[in-house]
Amino acid sequence: MPLARIEIRTGKPVEYRQSLIESVREAFLDALQTPEAALWIRLCERKEENFLIPPGRSDDAVLIEISLIAGRSVEKKESLYRAIVEHLARDPGVPPDDVCIAVYEPPAENWAEGGGISAARR
């Protein structure tokens, strides 16, 4: 049950925002073979004054925070990072240097979906 939050500055057209979501979705399917029914992706827009972008990055910078149940190898996570960057570069055209990805890995007992049953018990 991966969770992904995409954060961008406000002002992008709906097609661009949908392309961001679709690119991240495809990256999860390609790199981790995530079942679509388990994947949650949301896009959050921030006003410029509420989203400081580090120097050297454009106003198109994208911050992606991902929560995964702990246990994937470094290689699998790196495969996901590459897939996200590649998909975003293709469409909607986000430069690779404008993508920042952070992964958080809470233990399975900290996850529940579908009836409130811990993922550690599934």
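Preceding this paragraph is the structure being described.
The structure presented is a predicted model; accordingly, all values stated were derived computationally and were not measured.

The rules behind the values
- Residues numbered from 1 in each chain as written.
- Predicted model: local features only at pLDDT ≥ 70, side-chain atom pairs only at ≥ 80, totals over all residues.
- Heavy atoms only, no water.
- Axes fitted to C-alpha atoms, helices over the stretch in contact; angles between N-to-C directions.
- Helix = DSSP H or I, 4+ residues; strand = E, 2+ residues; numbered from the N terminus.
- Left-handed = near helix turned anticlockwise from the far one by under 90°.
- Contact = heavy atoms within 4.5 Å.
- Salt bridge = Lys/Arg side-chain N within 4 Å of Asp/Glu carboxyl O.
- Buried < 20%, exposed > 50% of the residue type's maximum accessible area, 1.4 Å probe, protein only.
- Polar contact = N/O pair within 3.5 Å; in protein donor to acceptor, adjacent residues only side chain to side chain.

K.L.:
Please explain the packing of helix α1 (residues 14-32) against helix α2 (residues 74-90) as it appears in this structure.
P.N.:
For any two helices packed against each other, one specifies the crossing angle of their axes together with the interaxial distance. The contact between α1 and α2 brings their axes to 8 Å, and the two run at 145°. The hand of the α1/α2 crossing is right-handed. On α2, the residues that touch Leu-20, Ser-23, Glu-26, Ala-27, Phe-28, Asp-30, Ala-31 and Leu-32 of α1 are Lys-76, Ser-79, Leu-80, Ala-83, Ile-84, His-87 and Leu-88.

K.L.:
How should the pattern of salt bridges be read in this particular structure?
P.N.:
Side chains that differ in sign of charge can pair as their charged atoms come close. Applying the stated criterion to the full structure yields 10 salt bridges. For Asp-60, the salt bridge identified is with Lys-12, shortest N-O distance 2.3 Å. Of the two residues, Asp-60 sits in the loop between β2 (40-46) and β3 (62-67) while Lys-12 sits in the loop between β1 (3-9) and α1, which places them 48 residues apart along the sequence. Take Asp-60: its relative accessible area is 29%, and that puts it in the partly exposed class.

K.L.:
Teacher, can you tell me more about the side chain of Arg-9 here?
P.N.:
Turning to its location among the elements, Arg-9 is positioned in strand β1. Owing to a relative accessible area of 12%, Arg-9 belongs among the buried residues under this scheme. Here the side chain of Arg-9 touches Phe-51 through a polar contact of 3.0 Å, landing on its backbone oxygen. Side-chain polar atoms of Arg-9 contact the side chain of Asp-59, separated by 2.7 Å. The residues contacting Arg-9, other than those within four sequence positions of it, are Glu-45, Arg-46, Glu-48, Phe-51, Leu-52, Ile-53 and Asp-59.

Note that every value here comes from positions in space, so none of it alone points to a role or purpose.
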